[in-house]
Amino acid sequence: QDEELDPEFVQQVADFCSYIFSNSKTKTLSGGIKAEEILQTYLKSKESVTDAILQTDQILTEKEKEIEVECVKAESAQASAKMVEEMQIKYQQMMEEKEKSYQEHVKQLTEKMERERAQLLEEQEKTLTSKLQVSKC
């Protein structure tokens with residue numbers, strides 16, 4: 001409780017109260033009632049209120065800390081989710097690039113095979129034509 005207050009302030013209050021109680025004369029109200037006794041009774045009656053306020057403050061402080069922890073967790077989860085999403089996008093792009101590269105490679109191989117096939121057919125036709133001419137002779 002006092003830890004949350006400025007130490008200089010706490011010391012000034014303690015010094016002030018000590019001075020007042022030490023140096024002031026006991027005051028008596030009409031009817032013979034001493035003011036100091038009334039003050040002590042009043043202060044004792046307020047102790048429970050003070051304790052309740054301090055306890056409520058401690059509970060609120062704990063709740064604020066819990067909320068802050070939950071916010072940090074939520075921010076962390078959100079950052080993790082964003083990172084996972086970015087990784088998935090990069091992976092998807094990489095897979096698309098690989099597929100594109102693969103398709104280009106297949107296209108090039110197909111074209112090469114078609115050229116080689118056409119060349120082979122042309123060579124076979126030339127060979128066949130040459131053999132036919134030789135056999136006619």
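Going by what an unreviewed UniProt entry lists, the protein chain is known as Guanylate binding protein 3 and is assigned to Homo sapiens. According to the UniProt record, the Sequence similarities (unreviewed entry) comment for the protein chain is "Belongs to the TRAFAC class dynamin-like GTPase superfamily. GB1/RHD3 GTPase family."

Outline the overall build of the protein chain, listing residues and values.
Of the regular secondary structure elements, the protein chain holds two helices and zero strands. Looking at the protein chain residue by residue over its 137 residues, the buried ones come to 0%.

Give me the lowdown on a nonpolar patch on the surface, citing residues and values where you can.
Taken together, the side chains of Phe-21, Leu-39, Tyr-42 and Leu-43 define a hydrophobic patch exposed on the protein surface, amounting to about 380 Å² of accessible area. With three residues, helix 2 (residues 35-136) is the single largest residue contributor to the nonpolar patch. Following the sequence through the fold, Leu-43 ends up in helix 2. Using a relative accessible area of 39% as the deciding quantity, one classes Leu-43 as partly exposed.

Can you tell me about the pattern of salt bridges, naming the residues and giving the values?
Between side chains of opposite charge, a pair can form when the charged atoms approach closely. Following the criterion strictly, the structure yields four salt bridges and no others. For the salt bridge of Lys-63 with Glu-66, the shortest nitrogen-to-oxygen distance reads 3.8 Å. With Lys-63 and Glu-66 both in helix 2, this residue pair falls three residues apart, about one helical turn. Its relative accessible area of 44% is what places Lys-63 among the partly exposed residues. Between Glu-122 and Lys-126 there is a salt bridge whose closest N-O contact spans 3.6 Å. In this pair, Glu-122 and Lys-126 both sit in helix 2, four residues apart, roughly one turn of the helix.

About the criteria used
- Residues numbered from 1 in each chain as written.
- Predicted model: local features only at pLDDT ≥ 70, side-chain atom pairs only at ≥ 80, totals over all residues.
- Heavy atoms only, no water.
- UniProt positions renumbered as here; feature names shortened; annotations may be inferred.
- Helix = DSSP H or I, 4+ residues; strand = E, 2+ residues; numbered from the N terminus.
- Buried < 20%, exposed > 50% of the residue type's maximum accessible area, 1.4 Å probe, protein only.
- Patch = residues over 30% accessible without salt bridge, like charges linked within 9 Å, V, L, I, M, F, W, Y side chains within 5 Å.
- Areas by Shrake-Rupley, 256 points an atom, 1.4 Å probe, with all protein chains shown as cover.
- Salt bridge = Lys/Arg side-chain N within 4 Å of Asp/Glu carboxyl O.

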